[in-house]
Amino acid sequence: MGAAVAFLLTLGSAAQAQVGPGTQWTKDGYGYFQVRQDEIVELDARQASKTRTVLSKQQLTPQGQTEPLRVRRFALSDDGKLMLLNTNTKKVWRYDTRGDYWVYNIAANKLTQLGKGQPESSLMFAKFSPDGSKVAYVSGHNLYVENLADNRITQLTSDGTDKLINGTFDWVYEEELDCRDGFRWSPDGQRLAYWQLDAQKTPNYLMLNTTEKLYPFTVPVEYPVVGEDPSRCRVGVVAVGGGETKWMDVPGDAVQHYIPRMEWADANTLILQQLNRRQNESKLMLCTAATGAAKPIYSETDKAWIDAKEGAVGWNWINKGQSFVWSSEKDGWRHLYTVDRNGKDKLLTPGNFDVISIENIDEAGGKIYFMASPTNATQRYLYQVPLKGGKATRVTPENLAGSNGYDISPNGKIALHNYSSASSFPISDVVSLPAHQRLSGGEVPEQAKKIKLPKTEFFQVKTADGVTLDGWMVKPTNFDPAKKYPIVFMVYGEPASQTVVDRFGVSSNRLYQGNMADDGYIYASLENRGAPAPRGREFRKAIYHNIGKLNIRDQAMGATEVLKNKWVDTSRVAVWGWSGGGSSTLSLLMQYPQIYKTGISIAAVDNQLNYDNIYQERYMGLLPEDLHYFVDNSPLAHAKNLRGNLLLIHGTGDDNVHYNNAEQMINELVKNGKTFQMMAYPNRTHGISEGEGTSRHLAATYTKFLKENCPPGGR
């Protein structure tokens with residue numbers, strides 16, 4: 001569920017979360033830096049063969065050691081004379097955001113470790129000051145600044161504990177709002193602005209570790225379920241020399257709100273976004289750093305919910321900081337607007353289409369680059385629009401039908417581009433903008449040419465409710481329309497991810513041992529309303545109050561249309577999904593047993609009251625007034641209707657969708673005399689990947705159950 005579902009549903013796509021500084025471009029924007037074979041090199045984006053070693057293995061080897069640092073992330077100072085190196089990283093829930101940091105002084109040819117005296121791998125989000133003289137970082141939920149001239153460390157906060165969190169975030173802010181890096185340097189380098197979250201009143205969910213020691217022990221996670229108050233959240237400013245924090249006087253109850261985004265607007269002013277607890281009202285406000293005075297400048301409401309600002313780091317300022325680019329769905333489509341400091345807005349992208357994401361604002365060139373796909377919600381293309389607004393034009397060439405991604409240079413003139421489709425292997429190249437001419441790259445690796453890709457057919461169905469759904473299907477190898485074949489639906493169904501996208505690997509099933517098409521299965525997926533597809537606000541937000549009902553009906557009614565094909569064997573219909581898809585699998589099996597005969601549910605939320613408050617309340621409402629939506633639409637409420645074959649799979653160490661979900665479902669099925677199969681993986685997390693042989697065993701379990709209960713082959 002939440003953010004974690006992305007890695008389960010996408011094959012090889014880059015994580016879009018805020019886990020590092022991103023591509024480090026050269027000052028002129030025509031080159032970029034990379035870690036290659038334990039060295040850091042500079043590449044000319046226009047000539048792939050032109051590389052320069054910036055830091056060699058020898059330079060990256062600390063004094064007295066024989067091996068170079070394994071650099072995970074790095075960042076350059078503005079003047080290019082210093083390089084900040086992140087190494088020896090450890091996971092904090094999803095991502096390895098704890099680690100050690102070193103600074104390499106290129107002029108002095110000197111490598112120095114930061115944070116001496118702090119525990120190993122405890123530093124987080126280290127960042128140079130604007131003038132490169134200092135580095136700030138978090139360790140143990142406190143903020144520190146280190147002076148690079150003499151490595152003197154100043155501790156800026158001292159009240160950090162496991163549950164009083166400075167400069168980073170609690171579990172649920174990280175999972176559901178993509179918040180990780182929780183502090184910002186002021187433009188003049190004199191102050192730091194940071195978040196403080198007080199999770200002291202958030203109950204711990206106690207996971208039980210039963211295998212690492214002879215006596216089981218608990219692993220606590222501060223986890224606010226539906227109805228629990230969020231952590232108290234506030235934003236403060238502290239001088240780099242230390243002293244008292246000035247807290248921003250953000251109006252309203254500091255517990256009953258979220259502050260998902262905050263940046264400096266100028267050296268004296270912060271800008272932040274505040275969402276109310278229900279997440280259907282967004283306010284932008286400017287805060288005076290010295291006094292804490294907050295001035296709301298722009299607000300909007302939605303009958304369903306409003307998303308946090310796209311991009312967890314950075315604010316899209318233009319016009320010398322007097323206005324910024326903002327996205328809103330207020331006219332029924334996700335569009336870009338300019339908003340000035342007085343809150344006056346202007347529409348930039350008129351039309352009946354969605355802006356998927358901002359890719360680059362080229363102020364010198366007078367244009368904004370953004371992703372969109374106005375006519376096909378399964379695909380992704382680059383568009384441009386004048387900065388003053390107007391007609392958007394497509395930049396991606398017509399022959400690149402499928403999914404495109406861009407990392408655009410700050411100069412707006414070149415981009416690192418990647419492309420794939422369901423029928424083509426991914427390629428990476430460098431292109432000029434806006435002409436989109438290839439400058440280098442674009443070769444398909446030799447080994448990729450030998451890969452046999454599934455023949456994925458995209459289609460649309462119109463349901464009995466008049467709703468058009470996108471879908472894909474892979475038919476059996478040597479398909480014979482005179483025979484009847486079993487069909488397996490892969491489902492997700494919730495607002496966190498799409499399953500019907502035209503990109504490489506979309507129709508591959510990593511849990512199936514063998515080849516589904518060769519074995520004689522039809523493999524398919526449908527995209528219900530509520531999925532984050534670029535099909536307008538109404539399509540996405542129809543699911544409000546209705547997770548477990550509307551998305552389930554869309555899936556079932558879509559499947560009904562697919563099953564009208566004479567070559568589908570309606571007695572052999574299976575469905576499977578992971579996380580939110582596991583929940584959808586249970587709901588389909590239990591609400592529409594006449595359609596779905598077999599289901600494999602992995603890591604499912606069986607009871608929506610068990611899941612975290614930010615995600616579930618965003619889409620389902622608040623307690624007590626909206627309790628019936630959570631209860632009536634949970635799989636648990638329909639367990640008594642199970643008729644088909646069910647396999648439940650869950651990791652007992654899942655910190656995201658806790659194992660109690662599975663146990664509550666087991667109790668309900670037992671109470672109602674329903675037989676089923678169950679596989680628990682001890683101490684495995686939401687991805688069920690830890691431990692030797694785990695992924696192989698999971699696939700074997702999945703494949704065996706599917707073959708036994710929904711036998712393959714045409715008849």
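Sequence order as written defines residue numbering, which begins from 1 separately in each chain. Local features in this predicted model are restricted to residues of pLDDT 70 or higher, and side-chain atom pairs are both shown and tallied only at a pLDDT of 80 or more, whereas totals for entire chains, interfaces and linings draw on every residue. Side-chain numbers come from the whole structure's heavy atoms, not from hydrogens or water.

**Comments concerning the domain arrangement of the chain**
The following threshold applies: An automatic or database domain assignment supplies the start and end points of every domain.
Split by domain assignment, the chain resolves into domain 1 (14-155), domain 2 (157-315), domain 3 (320-449) and domain 4 (452-709). For domain 1 versus domain 4, the separation of C-alpha centres amounts to 42 Å.

**Things to note about a nonpolar patch on the surface**
Formally: Like-charged residues are merged into a patch within 9 Å and nonpolar side chains (Val, Leu, Ile, Met, Phe, Trp, Tyr) within 5 Å, provided each residue has over 30% relative accessible area and no salt bridge. What sets the accessible areas is the Shrake-Rupley method with a 1.4 Å probe; for residues, cover comes only from the shown protein chains. Counted as salt bridges are all cases of a side-chain nitrogen of Lys or Arg within 4 Å of a carboxyl oxygen of Asp or Glu. By definition, any uninterrupted DSSP run of H or I lasting at least four residues is a helix, any uninterrupted run of E lasting at least two residues is a strand, and each is numbered from the N terminus.
A contiguous nonpolar surface patch, about 200 Å² in accessible area, is contributed by L623, L627 and V631. For L627, the position within the fold is in helix 8 (residues 627-632).

**Structural notes on the packing of helix 5 (residues 550-562) against helix 6 (residues 580-591)**
Defined as follows: Geometry is summarised by axes, namely lines fitted to C-alpha atoms with helices restricted to the contacting stretch, and by angles between N-to-C directions that run from 0 to 180 degrees. Oblique is the label for any angle not under 35 degrees, not over 145, and not in the 65 to 115 range, which are roughly parallel, roughly antiparallel and roughly perpendicular in turn. For a crossing to be left-handed, the near helix must be turned anticlockwise from the far one by less than a right angle; the clockwise case is right-handed. Whether two residues are in contact is decided by their heavy atoms, any of which lying within 4.5 Å being enough. Charged means Asp, Glu, Lys or Arg here, nonpolar means Ala, Val, Leu, Ile, Met, Phe, Trp, Tyr, Cys or Pro, and polar covers whatever is left, Gly included.
Where helix 5 contacts helix 6, the axes come no closer than 10 Å and their chain directions differ by 65°. In terms of their interaxial angle, helix 5 and helix 6 are classed as roughly perpendicular. As for the relative orientation of helix 5 and helix 6, their crossing is right-handed in sense. For the pair formed by helix 5 and helix 6, the contact residues are N551, I552, Q555 and A556 on the first element and S584, S587, L588 and Q591 on the second. Class assignment of the residues belonging to the contact of helix 5 with helix 6 gives a composition of three nonpolar, five polar and no charged.

**Observations regarding the UniProt feature "domain: Dipeptidylpeptidase IV N-terminal" (unreviewed entry) in the chain**
Applicable threshold: UniProt positions are given in the numbering used here, feature names are shortened, and annotations may be inferred rather than shown by experiment.
Here, the residues flagged by UniProt with the feature "domain: Dipeptidylpeptidase IV N-terminal" (unreviewed entry) are residues 77-423. Helix and strand shares over residues 77-423 are 2% and 49% respectively, and the end C-alpha atoms of the span are 42 Å apart.

**Examining the environment of P220**
Heads up, the rule is: Exposure is judged per residue with a 1.4 Å probe applied to protein chains only, and the accessible area is read against the type maximum: over 50% gives exposed, under 20% gives buried, and values in between give partly exposed.
Locating P220 in the fold gives a position in strand 16 (residues 217-222). What makes P220 partly exposed here is its relative accessible area of 48%. Sequence-wise, P220 and N204 are 16 residues apart; in three dimensions their C-alpha atoms are separated by 5.4 Å. Setting aside chain neighbours within four positions, we find P220 in contact with N204, Y205 and L206.

**Some points on the pairing of strand 38 (residues 522-527)**
Where we set the bar: At least two bridges found by DSSP between two strands is the condition for calling them paired.
Burial runs high along strand 38: six of the six residues are buried. Of the two faces of strand 38, the one carrying I522, A524 and L526 and the one carrying Y523, S525 and E527 are both buried. Across five bridges, strand 36 (residues 468-474) lies against strand 38 in antiparallel orientation. Residue pairing in the sheet places D470 in a bridge with E527 of strand 38. Of the pairings in the sheet, the one linking strand 37 (residues 485-490) to strand 38 comprises three bridges and is parallel in character. Following the sheet pairing, F489 is matched in strand 38 by A524.

**Some details on the sheet that holds strand 1 (residues 31-36)**
Reading across from one edge, 1-2-3 is the order of the three strands in this open sheet, with antiparallel pairing throughout. Across the chains shown, the open sheet's two edge strands, defined by having one partner strand only, are strand 1 and strand 3 (47-55). The average undirected angle you get between the axes of adjacent strands in this sheet is 35°. Where strand 2 (residues 39-44) meets strand 3, five bridges bridge the pair, whose relative direction is antiparallel. The partner of D44 across the bridge, within strand 3, is Q47.

**What to know about the side chain of R277**
Cut-off, in case you're wondering: Polar contact criterion, stated in full: a pair of N or O atoms within 3.5 Å, where within protein one must be able to donate a hydrogen and the other to accept it, and residues adjacent in sequence count only if both atoms are side-chain atoms.
Summarising the element assignment, R277 is placed in the loop between strand 20 (269-276) and strand 21 (281-288). Among the polar contacts made by the side chain of R277, one reaches the main-chain carbonyl oxygen of E228 at a distance of 2.9 Å. There is a polar contact of 2.8 Å between the side chain of R277 and the side chain of Q256. Apart from the residues within four sequence positions on either side, R277 is in contact with G227, E228, D229, P230, Q256, H257, Y258, E617 and L622.

**A short note on the nonpolar core**
Inclusion rule: Throughout, nonpolar core names a set of buried Ala, Val, Leu, Ile, Met, Phe, Trp, Tyr and Cys residues whose side chains join them through atoms within 4.5 Å.
With 47 residues, the main nonpolar core has Y173, W195 and L270 as its most contacted residues. Structurally, this core is a two-domain feature, drawing no fewer than three residues from each of domain 2 (157-315) and domain 4 (452-709). Core analysis: the next-biggest nonpolar cluster, separate from the first, contains 36 residues, V491, M590, I595 and A639 among them.

**Here's the deal with the sheet that holds strand 29 (residues 381-386)**
Taking strand neighbours across the sheet as the criterion, the four strands line up as 27-28-29-30 in an open arrangement whose pairing is antiparallel. Lying at the two open borders of the sheet, with one neighbouring strand each, are strand 27 (355-362) and strand 30 (393-394). Where strand 28 (residues 367-372) lies against strand 29, six bridges are found, and the strand directions are antiparallel. The partner of M371 across the bridge, within strand 29, is L382.

**A word on helix 5**
The condition that has to hold: Helix span is expected to be 1.5 Å times the residue number reduced by one.
Taking 1.5 Å of rise per residue, the 13 residues of helix 5 would be expected to cover 18 Å, and the 18 Å separating its terminal C-alpha atoms lies within 8% of that figure. Of all 13 residues that make up helix 5, 10 are buried, and the element is covered over most of its length. When we look at burial in helix 5, the residues that qualify are L550, N551, I552, D554, Q555, A556, M557, G558, A559 and V562. Of the surrounding secondary structure, the elements contacted by the buried residues of helix 5 are strand 35 (456-462), strand 36, strand 37, strand 38, strand 39 (568-578) and helix 6.

**Comments concerning the packing of aromatic side chains**
To be explicit about the condition: Centre distance within 6.5 Å is the pairing criterion for rings of Phe, Tyr and Trp, where only the six-membered ring of Trp is used; planes under 30 degrees apart are then read as stacked, over 60 as edge-to-face, and the remainder as tilted. We call a charge positioned over a ring when the NZ of a Lys or the CZ of an Arg lies within 6 Å of the ring centre and within 35 degrees of the ring normal.
Under the defined criterion, the tally for this structure stands at 25 aromatic pairs. Their ring planes at 65° and their centres at 5.0 Å tell us that F425 and F504 sit as a pair that is edge-to-face. Placement of the pair is F425 in strand 33 (residues 424-432) and F504 in the loop between strand 37 and helix 3 (516-519), with a sequence separation of 79 residues. Residue class for F425 comes out partly exposed when judged on its relative accessible area of 23%. For F504, a relative accessible area of 17% corresponds to the buried category. With a centroid separation of 6.2 Å and an interplanar angle of 70°, the aromatic rings of F489 and Y596 are classed as edge-to-face. Of the two residues, F489 sits in strand 37 while Y596 sits in the loop between helix 6 and strand 40 (598-602), which places them 107 residues apart along the sequence. The class for F489 is buried, based on a relative accessible area of 2%. In this structure, K213 is placed above the aromatic ring of F217, and the distance from its NZ or CZ to the ring centre is 4.8 Å. Just above the ring of Y381 sits the side chain of R394; from NZ or CZ to the centre is 3.6 Å.

**Let's talk about the side chain of T157**
Looking at the secondary structure, you find T157 in the loop between strand 11 (152-155) and strand 12 (164-166). A relative accessible area of 5% places T157 in the buried class. At a separation of 3.0 Å, a polar atom in the side chain of T157 contacts the main-chain amide nitrogen of L143.

**Here's the deal with the pairing of strand 15 (residues 204-209)**
Of the two faces of strand 15, the one holding Y205, M207 and N209 is buried and the one holding N204, L206 and L208 is not buried anywhere. Of the pairings in the sheet, the one linking strand 15 to strand 16 comprises six bridges and is antiparallel in character. Among the inter-strand pairings, L206 is bridged to a residue of strand 16, identified as P220.

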